[in-house]
2 protein chains.
Amino acid sequence: MDTLSVELGSRSYPILIGAHLLARGRSEIAARIKARDVLVVSNTTVAALYAPALRAALPGRRVVEVVLPDGETHKTLDNVARILDVLVANRYGRDACVVALGGGVVGDMAGFAAACYQRGVAFVQVPTTLLAQVDSSVGGKTGVNHAAGKNLIGAFHQPAAVIADTSTLDTLPDRELRAGLAEVIKYGLICDLSFFEWLEQHIDALLARDASALAHAIRRSCELKAQIVARDEHEHGERAWLNFGHTFAHAIESATGYTSWLHGEAVGAGMLVAADMSRACGKLAATEVERIERLLARAKLPLDVRAIRAADALALMAMDKKVQAGRIRLVLLTQIGAACVTADYPDEALRATLAAHFG
Amino acid sequence: MDTLSVELGSRSYPILIGAHLLARGRSEIAARIKARDVLVVSNTTVAALYAPALRAALPGRRVVEVVLPDGETHKTLDNVARILDVLVANRYGRDACVVALGGGVVGDMAGFAAACYQRGVAFVQVPTTLLAQVDSSVGGKTGVNHAAGKNLIGAFHQPAAVIADTSTLDTLPDRELRAGLAEVIKYGLICDLSFFEWLEQHIDALLARDASALAHAIRRSCELKAQIVARDEHEHGERAWLNFGHTFAHAIESATGYTSWLHGEAVGAGMLVAADMSRACGKLAATEVERIERLLARAKLPLDVRAIRAADALALMAMDKKVQAGRIRLVLLTQIGAACVTADYPDEALRATLAAHFG
C-alpha cells in the first residue's frame, strides 16, 4: 500500500492506494472512518458489488446506506437533497461521517451533501473507478450539475481521507477504464513530460489492466494532483491547469445531455481540441498535437465530436466557471508537460479550432 | 457612519453602520459592491421599500432581482435553488456578486446560494431588520431549514461587506424590532455585563426607537459579534456562546411550524429557559434569572411557551446541530455577562426545567 498526503495544514489528509483495502481483515477503512454514525453514499451498480465489504469493515458502527441511480444525469441538487433527507431522518449529528463509495458522480454528490449538512460534516472518499481514484476523489471539489451547465453548484470541501482500493478496478468496464486514462494522460500533458513518455510506453499495459502499471499511473496522478491542490486549494492560479480540456469537455457533455459521452471520454476529446487551440495560438508545435492525438487514440478514446455543432459548443463554453468579465479563459499547453491559463487569444483562432473539430 | 471590521485575515470585511446609507448621493453601496454583475435577493415586503434605492446606488451595473416570499417558512432549499436558477439563467460568472437586501431569512438564503454558485461567489449583506443588523448578517453563517429542524443545511461563507442602513428600521414593525432586541440582550448576557446594564437603562428608549440608543445597541452588538467570530470562525469554541437560548428557540420555532413565533421572539423565550436551566445546574443565582426575565419582559418579548409540550421540545432539541455523541450540548450562563458550553449537566435538571416552562 502507498500512502500519499495532501498538505493543507490542519486539513491535510492521506490518500491510501493499494489492492484489497476493502478485503476482510484489513484495518485501513475502520482506522480512517472514525465516526460512530456513518452514511454510505453509493449507486445501484457499485453498492451491489462493494457496500457489503465496506459495511463489514466497520463493525460496531451505525451504517446507513443511500443508493442513488448510476450516471452523470443523476448528479443533481435533487439527489443531494435526498442524501440530506437521509442524514436528517437518521438524526445524524455534526460528528457523523459521509462515505462516498463509487465514481466521480457519487463522490461529488456525497461530498457536497457533507459540505452542506449542518454546515459541514466529515467525509471520506472510497473511489471505485479509475477516474475517481486518479482525479475526482482528491482535492475537495464537490457539486452537482445544473440543466444549463456542468458543476455549476457546489462547494470546496476536503475529504478526511481518500481510500483507493485498486482491486475495485477489476469490476470496472473497459470503457470506464479508458475514460479514466484520459485524466491520467492529462497530468502528463499539463505538468510532467516524463510521465507522458512513460504513458506512451505503457498505454497497452494499462489497457490490459497490468496491475503494476495501473498502480504506478494512479500513484503518480495522485502525487501530481496532491501537489497542485496543496499549492492552490481554491483555484486562484495553477489549479486551473487541472481543467485542461475541460471547458471543451463540459460543452460536449452538456450538448449531448450527459448521456452519450462519459466525462473522461469528453475530457479526452476536449484535450485534443485544447491542444489544437494551443497550436492555433502559436504556443504548441503541430507535431506535439499529433503526438497527443496518437496517445489518446491508442488509449481508444473517442475523439470525433462532429455530431456537435461548433456554435452550440461555443455557447455552452460561455457558461463555464472559468469565464471572467464575459471572456472564456482557456487552459492551453506551451509544450507537452507545461500549461498556462489565458484569456488573451485571438477569437478567430477559437472559432477556427472549434470549426475544425466540431460539426 | 461607524465602520467596524471582522478580522479574518485575507477574508476580513467591514461592517458599515449609519443612517441613510441607501440614500441618493451616498457612495458606500457602490464602493462595497464591486462586481459588474449583481444579483439582489430580497423579499416581497423589503423589495418594494428599498430595491429601487439599491438599484439607483449601482449605476452602470447589471442588476437582476430575485424577490422571494417573506417569512421563515420560506427559508428552504427550493428557494435557494430558485436563486441559483436566476444566476444561471443570467449567465452570471464567478465574478458576480449576490446582495442580500432584507432580514435574516433573505440573508441566510442569499448567502447560501452565493456559497454554492460556482463553488462560491462574492456576497454583500444589506440587512434591513434589527435582528439582521445586530446578528445574522455578521459572521458568515448561511443556510436553510429542513422540515425536521432549523438551519440543518448550509455553509460558512463570509460576506465581502455588511452595510447596515439604520434608517431602514423606520419601516420595521414594532414586533420585529422587539424580536431583534432579544439578540441584542443576548450579547449582554453572554459576554458583557456593562452592556446588559446599559440595556436595563435604555430599553424604553430602544422601544421608542430613539436613534442614538439604537445606533449604540447596533454598534456594540456588532463589535461583540465581530470579536467572537474573529476568534472562532467555525464554532469550535466560544462562538457557540452566540447560540445561547437558541437550542430551546429552535425547538419552539420548529414545534410551531415557523409560523407563530418570530426567530428573535423564540430566542427571547429560549434565553429565559436557558437561564433557568443554568440556575437548575447551580451555575446562576435565582436573582439573576429574575433580573433577566425582567429585562425580557420590559422588552415586551413573549415568554409563555406552555402551548408547546415539554416532550416535543426535548425531541426537537435532539435534532440541534450542537448534539455530539448523542448528547445535547447546552450554552449556559455562569453569571450575567459570562457563558459556557457543556454537555455535563443532570438530565433531571433539563427535564425539570422543560417541565417548568413548557406545557
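Residues numbered from 1 in each chain as written. Chains lettered and ligands numbered in written order. Predicted model: local features only at pLDDT ≥ 70, side-chain atom pairs only at ≥ 80, totals over all residues. Heavy atoms only, no water.

Visitor: Just to check I follow, could you spell out the sheet that holds strand β1 (residues 2–6) of chain B for this structure?
Guide: Note: strands within a sheet are paired through backbone hydrogen bonds, in either parallel or antiparallel orientation. Residue and element names in this part refer to chain B. Spatially, β1-β2-β9-β6-β5-β3-β4 is the arrangement adopted by the seven strands of the open sheet, whose pairing is mixed. Across the chains shown, the open sheet's two edge strands, defined by having one partner strand only, are β1 and β4 (62–68). Across the sheet, the axes of successive neighbouring strands diverge by a mean angle of 20°, strand direction being ignored. Here strand β6 (residues 122–127) runs beside strand β9 (residues 161–165); their pairing, made up of two bridges, is parallel. Pairing of Gln 125 across the sheet is with Val 162, part of β9. (Pairing = 2+ DSSP bridges. Helix = DSSP H or I, 4+ residues; strand = E, 2+ residues; numbered from the N terminus. Axes fitted to C-alpha atoms, helices over the stretch in contact; angles between N-to-C directions.)

Visitor: Got a minute to help me understand the relation of the copies chain B and chain A in this structure?
Guide: The operation relating the pair of chain copies consists of a rotation about an axis and a translation along that axis. Its rotation angle being 180°, the transformation that places chain B on chain A also includes 0.0 Å of axial translation and leaves an RMSD of 0.0 Å. Overall, the copies show the geometry of a two-fold rotation axis. Of all interface residues in chain B, 100% are interface residues in chain A too; the two copies therefore contact each other through one and the same surface. (Least-squares fit on C-alpha atoms with pLDDT ≥ 70 in both. Contact = heavy atoms within 4.5 Å.)

Visitor: Just checking my understanding: could you explain the packing of aromatic side chains for this structure?
Guide: Aromatic ring pairs: the centre-centre distance and the angle between the two ring planes describe each pair. Residues and elements named next belong to chain A. One pass over the full model with this rule turns up two aromatic pairs over all chains. Note on Phe 195 and Trp 198: the rings are 5.9 Å apart at their centroids and 15° apart in plane angle, and the pair reads as stacked. In this pair, Phe 195 and Trp 198 are both assigned in helix α7 (residues 193–207), three residues apart and thus about one turn of the helix distant. Of the two residues, Phe 195 and Trp 198, both sit in the buried class. Over the aromatic face of Tyr 187 sits the side chain of Lys 186, whose NZ or CZ is 5.1 Å from the ring centroid. (Phe/Tyr/Trp six-rings, centres within 6.5 Å; stacked < 30°, edge-to-face > 60°. Buried < 20%, exposed > 50% of the residue type's maximum accessible area, 1.4 Å probe, protein only. Lys NZ or Arg CZ within 6 Å of the ring centre and 35° of its normal.)

Visitor: Explain the packing of helix α9 (residues 246–255) of chain B against helix α12 (residues 310–317) of chain B to me, please; I cannot follow it from the model alone.
Guide: The angle between the axes and the distance between the axes are what describe a pair of packed helices. Residue and element names in this part refer to chain B. Direction vectors running N to C along α9 and α12 enclose 115°, while the axes themselves pass 9 Å from each other. Here α9 lies roughly perpendicular to α12, going by the angle between them. Crossing geometry of α9 relative to α12 is assigned as right-handed. Together, Thr 247, Phe 248, Ala 251, Ser 254 and Ala 255 of α9 and Ala 313, Leu 316 and Met 317 of α12 make up the contact between the two elements. A class-by-class count of the residues in the contact of α9 with α12 yields six nonpolar, two polar and no charged. (Parallel < 35°, antiparallel > 145°, perpendicular 65-115°, else oblique. Left-handed = near helix turned anticlockwise from the far one by under 90°. Nonpolar A, V, L, I, M, F, W, Y, C, P; charged D, E, K, R; others polar.)

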